[in-house]
Structure formats: C-alpha cells, structure tokens
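# Notes for the structure review
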Amino acid sequence: MIRENVRQILNTLPSGVELVAAAKMRSPGEILEAIEAGVKIIGENYVQEAERAYALIGNRAKWHFIGHLQRNKVKKAVKLFDMIETVDSEDIAAEIDEKCRQLNKVMPVLVEINSGREKQKSGVLPEDAEDLIRTISNLHNIKVEGLMTMGPLFDNPEEARPCFAETKKLFERIKKLGLPNVEMRCLSMGMTDSYTVAVEEGANIVRIGTRIFGERP
Ligand SMILES: *Cc1c(COP(=O)(O)O)cnc(C)c1O
C-alpha cells in the first residue's frame, strides 16, 4: 500500500516539487517502506519520535522538522535534522543559532507563516514575516531558505487557496529584497487534502502523511 501510494504521488507531482513524507505516529518499518518506494525526505513533528526513527534509518533520508519546536528540544533537533521548517519567533531562531554555533553547523530553516491568521495556530503573521527574516539574517548559524505554511483545515481545500496564494506572494516579495544570508528557494505548503491546490499556487515542497501511510492510528 505505502509503496503504491508513494509511487502514485511521485508520478503526479510536477518536476521540481519535493515530497516530504509526514511520518508522525508511523513506525520505522513504515517509514522505511516509503523510503524504498522513493521518498527522499521524512518530516517529523516530535523530536523524541524522530530520534527513535533516525536510530534505525539514519541518513537513508533527509529529515525535516515540521512540528512546533520547543526551546528545550532545540539542542537535540539541530543534531538530527537537515532542515527546520517551523521557525516563527526571534527567540527560537536565536536558540537554534546558539546550539548550531556550538556544533559548528549552519541550519537551513523555513519561516512558518500563519496564513489563516488563526489565533491558536503557530507561525508568524504574514505582515510580521519580513521583520523576523531580517532579524534572522543577522545570525551566522541559521539560514532562511524559504517559507512554510499549514493554512486552515477546510473540508473543501479550495477554501485554503487564498492562504496559499498570499504565502506565495509574500515568498516572492521577500525573495526580491535580496537579503544577505537569505536564499528564498523553498515554499512548503499543502498536505493530503490540499497539496494539489498548494502546488497550483506555487508550492515546491508538499508534506503528505495520510495519503502515503493511511489514516493515523
Ligand atoms: C501531519 C502533518 C502533515 C500531513 O498531514 P496529512 O493530512 O496526514 O497529509 C503535514 N504537515 C504538518 C506540519 C503535519 O503536522
């Protein structure tokens, strides 16, 4: 099943769009099956869960952090992950920078945008993104490489389209600023129900869980 699902998705994604397999609550065996079917990037929401999977799978895939990152998990996260997609505050950026400095490493990050302007959601508001990115651009051990957004969950993914379109616009605007130490190349938007719409609106990374692994247990 997983194998077939991955092949179908990879066959239908336009070239240049990367697939992140969102693996929360999946076993290392399931993750390995996805990798064997062609998945190159695993997305993890929880540092502890990622550590367990990483211990068995290691560098057979790239690892993206896609959950809400807590300060006290940053030290472990920067050791394990190849990219952190969910930076949404100066505070967490500074902590990532500091922990990477100790490891002599530069962490590629995406800035998470709260494109639905939802009160309880993480992410920076679209109008605050430029200031945050300017601040991060002054840090030496963290590098902004694009934007990520979840968007609100609607029954009809068409309703999320304006949020994806606004995030894409913001992406292009910040790219044009040509900020030092900022390389706007990744736009991570879209999940199982919304990825087709997200790709139409310019996503070049999609994060898919259910469509690969089935309903979560
Ligand atoms: C779970 C999750 C996904 C994937 O969701 P599905 O609807 O299962 O495809 C994508 N992005 C993030 C941040 C997630 O937590």
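Predicted model, so just to flag it, every value in this text is computed and none were measured. (Residues numbered from 1 in each chain as written. Predicted model: local features only at pLDDT ≥ 70, side-chain atom pairs only at ≥ 80, totals over all residues. Heavy atoms only, no water.)

## Quick notes on the nonpolar core
By size, the foremost hydrophobic cluster in this structure holds 64 residues, and its most contacted members are Ile42, Leu69, Ile84, Ile96, Val111, Leu147 and Ile212. Residues contacting Ile42, with those up to four places away along its chain left out, are Val20, Ala21, Ala23, Ile31, Ile35, Ala61, Lys62, Trp63 and His64. Core analysis: the next-biggest nonpolar cluster, separate from the first, contains 7 residues, Val20, Ile41, Met83 and Leu110 among them. (Core = buried A, V, L, I, M, F, W, Y, C linked by side-chain atoms within 4.5 Å. Buried < 20%, exposed > 50% of the residue type's maximum accessible area, 1.4 Å probe, protein only. Contact = heavy atoms within 4.5 Å.)

## Focus on the pairing of strand E4 (residues 83-87)
A large share of E4 lies buried, amounting to 5 of its 5 residues. One ladder, built from 2 bridges, connects strand E3 (residues 62-65) with E4; its direction is parallel. Looking across to E4, one finds that Phe65 is bridged to Ile84. Chirality of the crossover, the property in question, places the unit of E3, helix H4 (residues 74-80) and E4 among those that are right-handed. Taken together, E4, helix H5 (residues 90-103) and strand E5 (residues 107-113) form a β-α-β motif whose crossover is right-handed. (Helix = DSSP H or I, 4+ residues; strand = E, 2+ residues; numbered from the N terminus. Pairing = 2+ DSSP bridges. Right-handed = clockwise from strand over helix to strand, strands pointing away.)

## Section: helix H7 (residues 161-177)
Here H7 contains 17 residues, and its C-alpha end-to-end distance of 25 Å stays within 8% of the 24 Å for a straight helix at 1.5 Å per residue. Regarding H7, the residues found buried are Cys163, Phe164, Thr167, Leu170, Phe171 and Ile174. In a view along the axis of H7, the buried residues occupy a sector of 120°, so they form one face of it. The exposed set on the far side of H7, more than 90 degrees from its buried face, consists of Pro162, Lys169 and Lys176. Looking at the buried positions of H7, the neighbouring elements they touch are E5, helix H6 (129-136), strand E6 (142-149), strand E7 (182-189) and helix H8 (195-200). In the stretch just after H7, Gly178 is the one whose phi turns positive, near 60°. (Expected span 1.5 Å × (residues − 1). Arc of directions from axis to C-beta.)

## Some words on the site of the ligand
Neighbouring residues of the ligand: 13 residues in total, closest Lys24, Asn45, Thr192, Gly209 and Thr210. Thr192 is positioned with one of its side-chain polar atoms (N or O) 2.5 Å from an oxygen atom of the ligand. Here Arg216 contributes a side-chain N or O atom positioned 2.8 Å from an oxygen atom of the ligand. Taking 390 Å² as the accessible area of the ligand by itself, protein coverage stands at 92%. Counted by class, the shell around the ligand contains 6 nonpolar, 4 polar and 3 charged residues. (Near = heavy atom within 4 Å. Polar contact = N/O pair within 3.5 Å; in protein donor to acceptor, adjacent residues only side chain to side chain. Areas by Shrake-Rupley, 256 points an atom, 1.4 Å probe, with all protein chains shown as cover. Nonpolar A, V, L, I, M, F, W, Y, C, P; charged D, E, K, R; others polar.)

## Describing a positive patch on the surface
A surface patch of like charges, here positive, comprises Lys73, Lys75, Lys76 and Lys79. On the basis of relative accessible area, Lys75 is assigned to the partly exposed category, the value being 47%. (Patch = residues over 30% accessible without salt bridge, like charges linked within 9 Å, V, L, I, M, F, W, Y side chains within 5 Å. Salt bridge = Lys/Arg side-chain N within 4 Å of Asp/Glu carboxyl O. Lys, Arg positive; Asp, Glu negative; His and termini not counted. Charge placed at Lys NZ, Arg CZ, Asp CG, Glu CD.)

## Here we look at the side chain of Ser194
As for its position among the elements, Ser194 is in the loop between E7 and H8. Setting aside chain neighbours within four positions, we find Ser194 in contact with Pro157 and Phe164.

## Quick notes on the environment of Ala34
Relative to the assigned elements, Ala34 resides in helix H2 (residues 28-36). Looking at Ala34, the relative accessible area reads 0%, which means it is buried. Between the C-alpha atom of Ala34 and that of Ala21, which follows or precedes it by 13 residues, the distance is 7.7 Å. Sequence-distant contacts of Ala34, defined by excluding residues within four places in its chain, comprise Ile2, Val6, Val39, Ile212 and Phe213.

## Concerning the side chain of Glu49
You can see Glu49 is positioned in helix H3 (residues 47-57). Not counting chain neighbours up to four residues away, the residues in contact with Glu49 comprise Ala23, Lys24, Met25, Arg26 and Glu44.

## Points about unusual backbone geometry
Keep in mind that most residues, glycine aside, have a negative phi and that most peptide bonds are trans. Positive phi outside glycine occurs at Met25, with the angle close to 70°. At Arg117, a position not held by glycine, the phi torsion is positive, near 50°.

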